[in-house]
Protein chains: 2
Amino acid sequence: MTALIIDDEIQIRRLLRMALEAKGYTVREADKGQLGLQEAVFHKPDVILLDLGLPDMDGVEVLKRLREWSSVPVLILSVRDQESVKLAAFEAGADDYVCKPFSTAELMARLSAIQRRHGAHDETSLQAGPLVLDPVHHEAHLNGQPLKLTPTEYALLAQLVRHAGKVVTLKQLLRAVWGPQAEEQSHYLRVYANHLRKKLEGSSLEIKNEPGIGYRLEEG
Amino acid sequence: MTALIIDDEIQIRRLLRMALEAKGYTVREADKGQLGLQEAVFHKPDVILLDLGLPDMDGVEVLKRLREWSSVPVLILSVRDQESVKLAAFEAGADDYVCKPFSTAELMARLSAIQRRHGAHDETSLQAGPLVLDPVHHEAHLNGQPLKLTPTEYALLAQLVRHAGKVVTLKQLLRAVWGPQAEEQSHYLRVYANHLRKKLEGSSLEIKNEPGIGYRLEEG
DNA sequence: TCGGGTTTTAACGCTTTTTTGACGCCTCAA
DNA sequence: TTGAGGCGTCAAAAAAGCGTTAAAACCCGA
């Protein structure tokens, strides 16, 4: 997951970089519009944070040029709260518009929202209730405590967390964890669901079974 | 294009209705959460404007219930500018969050933005009146409530929903659900039609029999 | 080669689902 | 009026799926 920040103020870039890296993003920066467009072309970020007040060209212009070839989600940052500017930005294809000064937490939430819509699942921090998975390091934390998982256990749990609350079919799980040739080996799931249930014991999470269909991670 | 407004203040509803109709939307209204959810089930709006301060239930709760079976774009309206509320709303699956009082033009622009994103990838879901089937998760929802179905029940109902309103012949149903070698076992259908009728009881849907021909799912 | 952790396989009793069989109703035609 | 065929209903029998446990096979670093 790569995020591109296009902003001329170094303080803002630092702040955003910290927040984004905490969420697991790889961050790239640009302090000018031209440079930002180049970055977008060469590094294909998964999301762009674009300031409207750039020294070399107008932010809306940057957005228009970008939209000629890319549909990457773009969140606009701006000091200007003028309605005409906002409308122009949305017209040009912005996904959201946030005024400075902004709340970092809200910004991250809005980022997730537009990425969710874009279809590219926000894989930076898999989370379901008190359970947090770190896809990069294959680590898990439950209620802040480290949770030891074998690779197979992790893979299965990750799959369940990705669709937390919803049923994931037996085939989907088996394909994702053991590969397509294991689609019929549903006894694997019984064994590993059992392992995970023991490790999730005492938390608010439950792995429920829908007979003949699949499994579901549920928060009680 | 249909928009659903869920808000208890009639002035707000009037204002939004005018703005939306000017944009060419068909508008539906609800002044309570329960009613809003029902509207969403029956009329499948293309976008929802949801006020958080409803008299009967919390707006975030409405959103959660909605998200159990629908991925329609939702824009939150709220008088509250608290960060925690915003975060909860985004967490629950909101697409945007606007504080009252709002600019109508900006609201329309934001609406366009989230709808633009939504149009990108359409989900495949079977529907017949108040019944929604999700083929990916093998889940069913009736009037927004989860409906528990066994694999065979699901397969049969899916077949009926695919041809909702039309007669499906005995052979077609048996082939689709039990396989070609079961074409003569019309007995199965009587048993399972019975199961489904019980589960659909109280809804507007009926499974009707055409003697000697087949079955038909009808909305009354 | 050994030892540990991990994955796979196997076996048991249990629950849920599917199949089967039985019975009574209704309709239609002889 | 009566009997045959299709239908709805119920419930028991059979099958399939599940949870659990433990042992066997596997893998990898020491």
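All of the points below concern the structure found in this document. None of these values were measured; they are calculated from a predicted model.

### Describing the protein's contact with DNA strand C
Argument step 1. Close to DNA strand C lie 17 residues, the nearest being A:Thr150, A:Thr152, B:Thr150, B:Thr152 and B:Trp178.
Argument step 2. When atoms of DNA strand C within 4 Å of the protein are sorted by moiety, sugar and phosphate together comprise 78%.
Argument step 3. Here a phosphate oxygen of DNA strand C sits 3.1 Å away from a polar atom, N or O, in the side chain of A:Tyr192.
Argument step 4. Listed by contribution, the elements that provide at least two residues to the surface near DNA strand C are helix H6 (151-162) and helix H8 (186-200) of chain A together with helix H6 (151-162) and helix H8 (186-200) of chain B.
Argument step 5. By residue number, the principal contributor to the surface near DNA strand C is H8(B), which donates four residues.
Argument step 6. In the surface near DNA strand C, the residues fall into eleven nonpolar, five polar and one charged.

### Focus on the sheet that holds strand S1 (residues 2-6) of chain B
Residues and elements named next belong to chain B.
Argument step 1. Taken in spatial order, the five strands of this open sheet run S2-S1-S3-S4-S5, and their pairing is parallel. Looking at which strands have only one partner, the edges of the open sheet turn out to be strand S2 (26-30) and strand S5 (96-99). The mean inter-strand angle of the sheet, taken between neighbouring strand axes irrespective of direction, is 20 degrees.
Argument step 2. Across four bridges, the pairing between strand S4 (residues 74-78) and S5 is parallel. Bridging across to S5, leucine 77 finds its partner in valine 98.
Argument step 3. Relative to S2, helix H2 (residues 33-43) is tilted by about 145 degrees, and along the sheet it contacts S1, S2 and strand S3 (47-51).
Argument step 4. In the packing of helix H3 (residues 59-67) onto the sheet, contacts are made with S3 and S4, and the angle to S3 comes to roughly 155 degrees.

### Observations concerning the sheet that holds strand S12 (residues 214-219) of chain A
All names here are of chain A.
Argument step 1. Sheet architecture is open: three strands sit in the order S10-S12-S11, paired in antiparallel fashion. What marks the edges here is a single partner per strand, and that holds for strand S10 (167-169) and strand S11 (205-210). Each strand of the sheet is rotated relative to its neighbour by a mean of 25 degrees, with strand direction disregarded.
Argument step 2. The pairing of S10 with S12 spans three bridges and is classified as antiparallel. Directly across from threonine 169, in S12, lies its bridge partner glycine 214.
Argument step 3. Contacting S10 and S12, helix H7 (residues 170-178) crosses the sheet at an angle of about 70 degrees to S10.
Argument step 4. Relative to S11, H8 is tilted by about 155 degrees, and along the sheet it contacts S11 and S12.

So, how was this worked out
- Residues numbered from 1 in each chain as written.
- Chains lettered and ligands numbered in written order.
- Predicted model: local features only at pLDDT ≥ 70, side-chain atom pairs only at ≥ 80, totals over all residues.
- Heavy atoms only, no water.
- Near = heavy atom within 4 Å.
- Polar contact = N/O pair within 3.5 Å; in protein donor to acceptor, adjacent residues only side chain to side chain.
- Helix = DSSP H or I, 4+ residues; strand = E, 2+ residues; numbered from the N terminus.
- Nonpolar A, V, L, I, M, F, W, Y, C, P; charged D, E, K, R; others polar.
- Pairing = 2+ DSSP bridges.
- Axes fitted to C-alpha atoms, helices over the stretch in contact; angles between N-to-C directions.
- Contact = heavy atoms within 4.5 Å.

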